[in-house]
Amino acid sequence: QHFKDKGCVAVHMCCKVNKNLRAIDFSGSRCFSNEALIQLLSDGGGVLTDITLTRCTQINDLGLMGLRRFGKASTNCKNLRISGLPIHDSSMTWIAEGCKKLELLDLQHTHGITDASLSYLAQGCTRLKTLVLKGCSSISNVGLANFLPEGGK
């Protein structure tokens, strides 16, 4: 819980130097900022395949903007766990744009996402195999049906 911006910057530098680092798990860390996460994800995020930010409640939509690629190649992220974050549909647009290789997305208890998020993910994350939506109260059956191939049939 005492992981701060300085630690996030150190991980960022490690990603730039050590191309073997593939996974980070910051679960429950509450002391680093959106700005530090943006830097890590935009510059160093290219080598990371597994990112866990579960219950990092200080991280919001702004922090996940680091996944946005601005026309660059997709991140290598295959597993993204962001359950319990105070995020909204805008984050899903950045994930859909920047995480084309995503296979697992854990969104448990992210109350700010809606059916629109599923639409973005269906268009951008075509390799997605596992989507965890437990406790996502704004996702409807209609949204799920539209997300699934052929309307869930």
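The coordinates are above.
As the structure is a prediction and not an experimental result, all values here were calculated from the model.

Asker: Just checking my understanding: could you explain the side chain of D89 for this structure?
Answerer: Mapped onto the elements, D89 comes out in helix α4 (residues 89–98). Given a relative accessible area of 17%, D89 falls into the buried group. Side-chain polar atoms of D89 contact the side chain of T114, separated by 2.6 Å. Setting aside residues up to four positions removed in sequence, D89 forms contacts with G112, I113, T114, A116, S117 and Y120.

Asker: Could you clarify how one ought to interpret the sheet that holds strand β5 (residues 130–132) in this entry?
Answerer: What holds strands together in a sheet is hydrogen bonding between their backbones, with the strands either parallel or antiparallel. Read across the sheet, 5 strands follow the order β1-β2-β3-β4-β5 without closing on themselves; strand pairing throughout is parallel. A single partner strand is all that each edge strand has here, and the edge strands are β1 (23–25) and β5. The mean angle between the axes of side-by-side strands here comes to 5°, regardless of whether they run parallel or antiparallel.

Asker: Sorry, what's going on with the packing of α4 against helix α5 (residues 115–124) here?
Answerer: When two helices pack together, their arrangement is captured by the angle between the axes and the distance separating the axes. As a packed pair, α4 and α5 sit with axes 8 Å apart at the nearest point and diverge in direction by 5°. In terms of orientation, α4 lies roughly parallel with respect to α5. Residue-level inspection shows D89, M92, T93, I95 and A96 of α4 in contact with α5, the latter providing A116, S117, Y120, L121 and G124. Residues of the contact of α4 with α5, tallied by class, amount to 6 nonpolar, 3 polar and 1 charged.

Asker: When you look at the pattern of salt bridges in this model, what are you seeing that I'm missing?
Answerer: Any two side chains of opposite charge can pair, given that their charged atoms come close. Tallied over the full model, the rule gives 1 salt bridge. Note that R81 is salt-bridged to D50, the shortest N-O span being 2.7 Å. Pair noted here: R81 is in strand β3 (residues 79–81) and D50 is in strand β2 (residues 50–52), with a separation of 31 residues, a long-range link.

Conventions and cut-offs
Residues numbered from 1 in each chain as written. Predicted model: local features only at pLDDT ≥ 70, side-chain atom pairs only at ≥ 80, totals over all residues. Heavy atoms only, no water. Helix = DSSP H or I, 4+ residues; strand = E, 2+ residues; numbered from the N terminus. Buried < 20%, exposed > 50% of the residue type's maximum accessible area, 1.4 Å probe, protein only. Polar contact = N/O pair within 3.5 Å; in protein donor to acceptor, adjacent residues only side chain to side chain. Contact = heavy atoms within 4.5 Å. Pairing = 2+ DSSP bridges. Axes fitted to C-alpha atoms, helices over the stretch in contact; angles between N-to-C directions. Parallel < 35°, antiparallel > 145°, perpendicular 65-115°, else oblique. Nonpolar A, V, L, I, M, F, W, Y, C, P; charged D, E, K, R; others polar. Salt bridge = Lys/Arg side-chain N within 4 Å of Asp/Glu carboxyl O.

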